[in-house]
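Here are the chains, one letter per residue:
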Amino acid sequence: METTLVLIKPGGVQRNLIGEITRRVEARQLKVVGLKLVNASRATVEEHYAEHKGKGFFEDVVNYLCSGPVVAMAVQGTNAIKAIRTMMGATNPLEATPGTVRGDFALTIDDNLTHSSSDPEAAGRELTLWFPEGTVG
Ligand code: CMP
């Protein structure tokens with residue numbers, strides 16, 4: 001059993017895709033064990049993207065995630081980390097398979113709708129960052 005973090009980024013919230021993305025997660029028999037709509041602080045977002053610090057796109061992705069409300073979701077299930085990553089599709093929506101969230105709803109890497117943890121270490125770190133109060137799972 002694994003727990004992973006999913007963020008629905010500001011573009012996904014603005015486009016009213018909260019329900020569609022959450023529906024897909026639940027349809028896969030994964031359990032939502034934490035869920036909130038937040039205006040993320042710059043400090044939280046910089047820590048979230050710490051691995052990208054120094055890269056050309058760092059400032060832009062931090063600004064983007066701070067630009068409006070985001071949904072933070074903790075998702076639990078067997079192999080949840082890989083299952084969610086596969087459901088969301090390739091980071092670059094142009095390479096995302098139809099049937100994935102990005103393959104169906106996104107077109108550019110700057111507005112790729114969701115973030116999801118890449119591995120167990122990242123999941124643990126990101127869940128602590130976004131759910132310091134803990135989850136119900
Ligand atoms: P995410 O999974 O949230 O992790 C970092 C984000 O940076 C990524 O999704 C993209 O939205 C964004 N990004 C912008 N340019 C790039 C790039 N060249 N490579 C990877 N991620 C990028």
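Remember, it's a predicted structure, so these values are computed and weren't measured experimentally.

K.L.:
Quick one: what's the story with unusual backbone geometry, residue by residue and with numbers?
P.N.:
Peptide bonds are, in most cases, trans, and in most cases residues other than glycine have a negative phi. One non-glycine residue, Asn16, adopts positive backbone phi at about 60 degrees. Looking at the element boundaries, Asn16 is found in the loop between α1 (10–14) and α2 (18–27). Positive phi outside glycine occurs at Asn79, with the angle close to 50 degrees. Within the secondary structure, Asn79 is located in the loop between β3 (70–77) and α5 (80–88). Judged by its relative accessible area of 49%, Asn79 falls in the partly exposed class.

K.L.:
Before we move on, could you go through the site of the ligand and cite the residues and values that matter?
P.N.:
Close to the ligand lie Lys9, Tyr49, His52, Phe57, Val61, Thr91, Ile109, Asp110, Asn112 and His115, which account for all nearby residues. Here Asn112 contributes a side-chain N or O atom positioned 3.2 Å from an oxygen atom of the ligand. Here the ligand has 450 Å² of accessible area as a free molecule, and 77% of this is covered by the chains. When its residues are assigned to classes, the shell around the ligand shows four nonpolar, four polar and two charged.

K.L.:
Describe the sheet that holds strand β1 (residues 2–8), naming the residues involved and giving the relevant values.
P.N.:
Strand order in the open sheet made by the four strands is β2-β3-β1-β4, with antiparallel pairing throughout. Among the strands making up the open sheet, the edge pair consists of β2 (31–38) and β4 (114–116). Between one strand and the next, the sheet's axes are offset by a mean angle of 15 degrees, whatever the strand orientation. With seven bridges connecting them, β1 and β3 associate as antiparallel partners. Paired with Leu7 across the bridge in β3 is Ala72.

K.L.:
Hey, could you go over the pattern of salt bridges for me, with residue numbers and the actual values?
P.N.:
The tally for this structure, following the rule as stated, stands at eight salt bridges. One salt bridge connects Arg24 with Glu20, and the closest N-O pair in it is separated by 2.8 Å. Remark: Glu20 and Arg24 occur in helix α2; sequence separation between them is four residues, near one turn of the helix. By relative accessible area, Arg24 is classed as buried at 16%. Residue Glu20 is classed as partly exposed on the basis of its relative accessible area, which comes to 24%. The salt bridge involving Asp104 is made with Arg24; its shortest N-O contact spans 2.8 Å. With Asp104 in helix α6 (residues 101–105) and Arg24 in helix α2, the pair connects residues that are 80 residues apart, well separated along the chain. Overlapping salt bridges, with partners in common, bring together Glu20, Arg23, Arg24 and Asp104 in one network.

K.L.:
Which residues make up the pairing of β3, and what values do they have?
P.N.:
In terms of burial, β3 is largely enclosed, as eight of its eight residues are buried. Burial of the side chains of β3 extends over both faces: Val70, Ala72, Ala74 and Gln76 are buried on one face and Val71, Met73, Val75 and Gly77 on the other.

K.L.:
Give a detailed account of the packing of aromatic side chains, specifying residues and quantitative values.
P.N.:
Scanning the model with the defined rule gives zero aromatic pairs in all. Lying over the aromatic face of Phe131, Lys36 brings its terminal NZ or CZ to 4.6 Å of the ring centre.

Conventions we followed
- Residues numbered from 1 in each chain as written.
- Predicted model: local features only at pLDDT ≥ 70, side-chain atom pairs only at ≥ 80, totals over all residues.
- Heavy atoms only, no water.
- Helix = DSSP H or I, 4+ residues; strand = E, 2+ residues; numbered from the N terminus.
- Buried < 20%, exposed > 50% of the residue type's maximum accessible area, 1.4 Å probe, protein only.
- Near = heavy atom within 4 Å.
- Polar contact = N/O pair within 3.5 Å; in protein donor to acceptor, adjacent residues only side chain to side chain.
- Areas by Shrake-Rupley, 256 points an atom, 1.4 Å probe, with all protein chains shown as cover.
- Nonpolar A, V, L, I, M, F, W, Y, C, P; charged D, E, K, R; others polar.
- Pairing = 2+ DSSP bridges.
- Axes fitted to C-alpha atoms, helices over the stretch in contact; angles between N-to-C directions.
- Salt bridge = Lys/Arg side-chain N within 4 Å of Asp/Glu carboxyl O.
- Phe/Tyr/Trp six-rings, centres within 6.5 Å; stacked < 30°, edge-to-face > 60°.
- Lys NZ or Arg CZ within 6 Å of the ring centre and 35° of its normal.

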